[in-house]
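Each chain is listed here by its residues.
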Amino acid sequence: MSGAVVTPLMQQYREIKARHQSAILFFRMGDFYEMFYEDAEIAARVLGLTLTSRNNGAAAEVPLAGVPVKAGPEYVRRLVQQGYRVAICEQMEDPKVAKGIVRREVVETISPGVAFADELLDGARNNFVVAIGAPVGELVGIAAADVSTGELRLAITTRSEADTVLARFAPRELLVPRGMNALPRTPVLDGVLVTEREPWEFDEAMARDDLARQFEVRGLDGLGLEVTDGQAVAAAGALLRYLKEMQPAGVPQLARPTIERAGGVMPLDEMTRRNLELVESLRGADTSGTLLAVLDRTMTPMGARLLRQWLLAPLIDRTRIELRLDAVGALVTDASARDALRSALDGVRDVERLGSKAASGRATPRELAALGLSLGRLPHVEAAAMRLNGAGVVATLMHQWDGCAEMAASVQHMLVERPPLQLGDDATISDGVDAELDALRALRNGGKDAIAAIQTEERARTGIPSLKVGFNRVFGYFIEVTNANRELVPADYQRRQTLTGAERFVTPALKEYEERVLTAAERIEGCERALYDALRAAVGREVGRIQCAARIVAQLDVLSALADVAAREGYARPALTDGFNLEIIAGRHPVVERMMPRDKFIPNDVRLEEDARLVILTGPNMAGKSTILRQVGLIVLMAQTGSFVPAASATIGVCDRVFTRVGASDNLVRGQSTFMVEMAETSAILHTASSRSLVLLDEIGRGTSTYDGVSIAWAVSEHLHDRVGCKTIFATHYHELVQLASELVAVRNYNVGVREVGEQILFLHRLQPGGADRSYGIEVGRLAGLPAPVIARARTVLALLEGEAEHLVPALAPAVAGARRPRSQIPSPDQLALFIPAAHQAAMERLRTVDVNALTPLAALQFVAELSAQAKS
């Protein structure tokens with residue numbers, strides 16, 4: 001942007017751009033948004049615009065690209081979805097009356113995390129921008145805001161759990177102090193726009209003042225915040241400052257913050273969310289095939305967002321869980337009340353986001369009308385909810401109920417039934433609301449009657465029966481008199497146009513009428529705009545009440561959705577306890593059972609008790625071990641969310657954590673192999689799990705050599721059994737681990753049954769006591785279509801391996817059992833070879849039969865020479 005001389009316009013552009021260097025500046029010039037310099041080059045590349053140039057006085061011409069103002073929102077959407085910020089700079093005065101350069105200001109900046117437009121939002125999930133402060137000791141403060149809904153949520157967590165909190169928020173944008181050494185390592189931050197802010201912006205004292213001003217309180221104790229919440233307050237202060245920069249008009253829609261402290265909800269790490277496919281499938285962001293897809297029968301966008309939040313934050317307070325279950329139970333029992341509630345909720349639009357748009361002055365006439373209609377349905381929602389007689393959490397919700405009835409009546413009274421998308425496109429304010437507006441409309445719409453009246457009056461006054469009053473776009477209104485009657489024209493008639501057989505005139509009265517008619521449309525629009533702006537502002541001032549109503553509606557929606565799923569799918573209410581035991585009778589996988597006929601899914605019982613807390617689960621591939629693991633984890637999480645569960649019955653001791661390590665994956669971006677990822681995940685479990693946790697492991701140690709894998713799996717099992725003492729199910733193909741049952745008092749062996757019919761195998765998918773003796777891997781390969789020669793060769797190699805293993809594996813059990821002895825006393829067997837030539841087998845057979853005590857030194861040398869020759873042959 002260098003140059004000795006610049007035009008006044010470009011000087012204005014430079015000054016504004018200097019304040020918004022991280023954004024692409026949409027600079028309003030008449031009917032276009034123009035972009036200059038690097039912004040123009042980026043826009044041309046990303047949006048496919050033509051790059052031109054503009055003369056900049058004596059300086060060199062500068063790159064230029066522009067888009068029409070009417071098409072601006074679409075181009076903004078495309079840029080923001082590519083991860084750019086866009087600053088909208090508007091003309092703040094009419095160019096026709098401006099003295100010199102038109103005054104311009106940035107009215108808002110739009111980014112992935114700060115957006116209101118529907119096309120930039122997903123109705124079923126929040127759009128959070130998150131600020132995370134630098135750790136102080138082991139604690140980290142986090143603040144998250146969704147400007148589209150007005151939510152402001154704070155959290156205090158530890159360094160190790162920061163990634164679980166961030167994953168729950170799933171931010172679109174992240175603010176961090178400049179120079180912060182390391183972000184939490186979580187895939188949820190991949191592709192997220194990260195913005196560095198100055199460290200002083202995270203100052204706690206300044207943040208307390210800013211928050212107190214925003215929410216008009218004298219101290220933060222009025223917001224429910226404590227002295228120990230300082231780090232979260234600091235993050236909230238930095239976030240609030242950023243939002244005010246992005247939205248110069250302020251963020252009046254922000255609700256009072258809610259604080260989440262450690263121990264309030266169950267943290268779910270990335271591997272558990274991924275492996276159990278809670279809200280996203282293993283195939284990516286697609287929600288089909290997830291627990292969310294099964295349970296989401298919500299009727300409103302607020303309910304859909306809340307259900308997602310509940311699934312990612314199961315409760316660990318049994319009292320709160322029971323309150324949810326009581327409400328769901330009442331709705332399951334009373335089908336009529338459930339149907340009435342769901343019918344009342346049907347048609348309630350996104351009240352939360354519509355209220356935020358009204359508060360921020362963005363709601364269009366159609367959106368404000370939708371808000372009014374939605375609020376108008378709340379009495380029906382209230383009546384249906386009252387039929388539950390305050391069951392569970394419903395009692396608290398109805399105690400807080402505010403139906404916003406007068407607000408709904410005001411909006412519906414003032415707006416027409418079908419308002420336009422934009423003010424001025426068509427009538428917005430109803431007839432009968434404002435006398436001046438009605439008069440202007442009568443003037444505009446009553447033109448024919450008024451013209452007829454003028455014509456009749458002028459004919460009587462002049463005595464010219466053929467006199468006509470007309471209108472054209474060039475001359476406006478006129479009085480036409482034929483030449484035959486020209487001598488009867490009054491003196492106050494002013495000639496306007498001469499025709500072949502007639503003259504056209506105007507009168508002062510006709511000119512006055514013309515002025516009133518021609519300006520009526522413009523005055524109507526101005527009058528409607530003033531009335532609409534006043535209505536929108538009045539509704540916006542009540543955003544707190546609207547948000548409260550939206551939160552209650554969302555909870556009622558989620559509870560009714562959970563009840564509807566439970567009633568239709570045959571779920572049972574879980575019995576929650578503060579004890580250790582977990583007992584599931586005829587448990588089912590909620591997602592898998594939906595993908596097959598109801599009678600085809602095989603349910604299974606699972607019991608974990610203090611004296612039988614670790615299950616070694618064996619069985620062949622495809623038998624269903626992973627499905628059983630996942631369904632146990634899902635049933636526990638569903639229960640602690642407040643949902644009924646897919647089982648005949650379930651008794652669940654409330655868990656503080658659920659850990660899963662299922663399947664294999666690598667992370668090449670972070671330079672980690674499959675085995676490294678597996679070990680890192682296992683390490684996290686061993687360091688974090690407590691005696692109240694549920695641990696579900698699948699195939700630990702399979703990414704390395706056989707004996708290394710068995711050793712790791714054995715040691716992990718011992719650690720969970722002896723030191724952690726948690727509920728554990730360990731699915732494995734290492735049949736050696738079944739020997740743990742004879743070594744550790746609380747280990748039990750189970751397998752997933754298989755029936756052999758000739759060379760065929762039949763998967764029973766039934767959990768039964770005892771360990772499996774085979775993996776049937778070759779049979780599974782045959783089912784998958786491996787060529788017959790490969791299958792035959794595999795069976796031959798298996799026989800050779802099993803022959804060698806007969807002599808090597810027996811050493812394993814006493815060796816591993818000897819883990820409680822000094823390490824030097826533990827045998828270290830050689831690793832099995834994969835392919836053993838037949839000649840080597842013969843040599844080994846001679847070694848097994850020779851009596852070394854009977855050999856002379858010469859005979860021993862001769863024997864070794866023969867073995868050497870045999871091995872080389």
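Residues numbered from 1 in each chain as written. Predicted model: local features only at pLDDT ≥ 70, side-chain atom pairs only at ≥ 80, totals over all residues. Heavy atoms only, no water.

Quick notes on the packing of helix H22 (residues 674-688) against helix H23 (residues 706-724)
- Their axes nearest at 11 Å, the elements H22 and H23 cross at an angle of 10°. Taken together, the axes of H22 and H23 are roughly parallel relative to one another. Seen from H22, the contacting residues are Phe 675, Met 679, Thr 682 and Leu 686; seen from H23, they are Ile 712, Val 716, His 719, Leu 720 and Val 724.
- Each residue belonging to the contact of H22 with H23 can be placed in one class, and the counts come to 7 nonpolar, 2 polar and no charged. (Axes fitted to C-alpha atoms, helices over the stretch in contact; angles between N-to-C directions. Helix = DSSP H or I, 4+ residues; strand = E, 2+ residues; numbered from the N terminus. Parallel < 35°, antiparallel > 145°, perpendicular 65-115°, else oblique. Contact = heavy atoms within 4.5 Å. Nonpolar A, V, L, I, M, F, W, Y, C, P; charged D, E, K, R; others polar.)

Observations regarding the packing of aromatic side chains
- Within this structure, the stated rule accounts for 9 aromatic pairs.
- Judged by centre distance (6.2 Å) and plane angle (70°), the rings of Phe 27 and Phe 36 are edge-to-face.
- Looking at Phe 27, the relative accessible area reads 0%, which means it is buried.
- Aromatic rings pair up to connect Tyr 13, Phe 27, Phe 36 and Tyr 37 into one cluster.
- Looking at Arg 504, its charged tip hangs above the ring of Phe 478, at a distance of 4.1 Å from the centre.
- The ring of Phe 580 carries Lys 727 above its face, with NZ or CZ at 4.4 Å from the centroid. (Phe/Tyr/Trp six-rings, centres within 6.5 Å; stacked < 30°, edge-to-face > 60°. Buried < 20%, exposed > 50% of the residue type's maximum accessible area, 1.4 Å probe, protein only. Lys NZ or Arg CZ within 6 Å of the ring centre and 35° of its normal.)

Looking at the pairing of strand S25 (residues 747-757)
- Summarising the sheet, strand S20 (residues 614-618) and S25 pair through 5 bridges and their orientation is parallel. Looking at the pairing, Leu 614 lines up with Val 747 of S25.
- Pairing geometry for S25 and strand S26 (residues 760-769), over 7 bridges, is antiparallel. Paired with Val 757 across the two strands is Gln 760, which belongs to S26. (Pairing = 2+ DSSP bridges.)

Description of empty space enclosed by the protein
- In total, this model carries 1 cavity of 30 Å³ or more according to the counting rule given.
- Taken as a whole, the largest cavity holds about 100 Å³ of empty space.
- Along the walls of the largest cavity sit Arg 125, Asn 126, Phe 128, Arg 153, Arg 168, Phe 169, Ala 170, Arg 305, Arg 308, Gln 309 and Leu 312, which together make up its complete lining.
- Elements represented by at least two residues in the lining of the largest cavity include exactly helix H4 (162-169) and helix H9 (301-312).
- Here the residues of the lining of the largest cavity are counted per class, giving 4 nonpolar, 2 polar and 5 charged. (1 Å grid on protein atoms, 1.4 Å probe; cavity = no way out; pocket = protein on both sides within 12 Å on 5 of 7 lines; lining within 4 Å. Points joined across faces, edges and corners; volume = space filled by probe spheres on them.)

A short note on the confidence of the model for the protein
- Of all residues in the protein, 90% attain a pLDDT of 70 or more, and the chain-wide mean is 87.
- Every residue in residues 665-671 is under pLDDT 50, and counting partners more than four places away or in other chains gives 14 contacts.
- Segment residues 807-836: pLDDT under 50, and 42 contacts once partners within four positions in sequence are set aside and those in other chains are kept. (pLDDT = per-residue confidence, 0-100.)

Section: the side chain of Thr 272
- Assignment of secondary structure puts Thr 272 in helix H7 (residues 270-276).
- Classification of Thr 272 as buried rests on a relative accessible area of 0%.
- Polar contacts involving the side chain of Thr 272 include one to the main-chain amide nitrogen of Thr 660, which spans 3.2 Å.
- Those residues within four positions of Thr 272 in sequence are excluded, and the remaining contacts are Val 658, Phe 659 and Thr 660. (Polar contact = N/O pair within 3.5 Å; in protein donor to acceptor, adjacent residues only side chain to side chain.)

Details of the state of the cysteines
- In total, this model carries 0 disulfides according to the counting rule given.
- No disulfide involves Cys 655; its sulfur sits 9.4 Å from the nearest other cysteine sulfur, which is in Cys 726. (Disulfide = S-S within 2.5 Å.)

A look at the sheet that holds strand S17 (residues 575-577)
- Taken in spatial order, the 4 strands make up an open sheet running S17-S21-S18-S19, and their pairing is mixed. Unpaired on one side and paired on the other, S17 and strand S19 (604-608) mark the two borders of the sheet. Recorded for the sheet is a direction-independent mean angle of 15° between the axes of neighbouring strands.
- As judged from the 4 bridges shared by strand S18 (residues 582-587) and strand S21 (residues 649-653), these two strands associate in the antiparallel manner.

Remarks on the sheet that holds strand S9 (residues 151-158)
- Overall, mixed pairing links the 6 strands, which are arranged S11-S10-S7-S8-S9-S12 in an open sheet. For this open sheet the edge positions go to strand S11 (193-197) and strand S12 (258-260), each flanked by a neighbour on one side alone. Direction aside, neighbouring strands of the sheet carry axes that sit 20° apart on average.
- Inspection of the sheet shows strand S10 (residues 173-177) paired to S11 by 5 bridges, in the parallel sense. Looking across to S11, one finds that Leu 175 is bridged to Thr 195.

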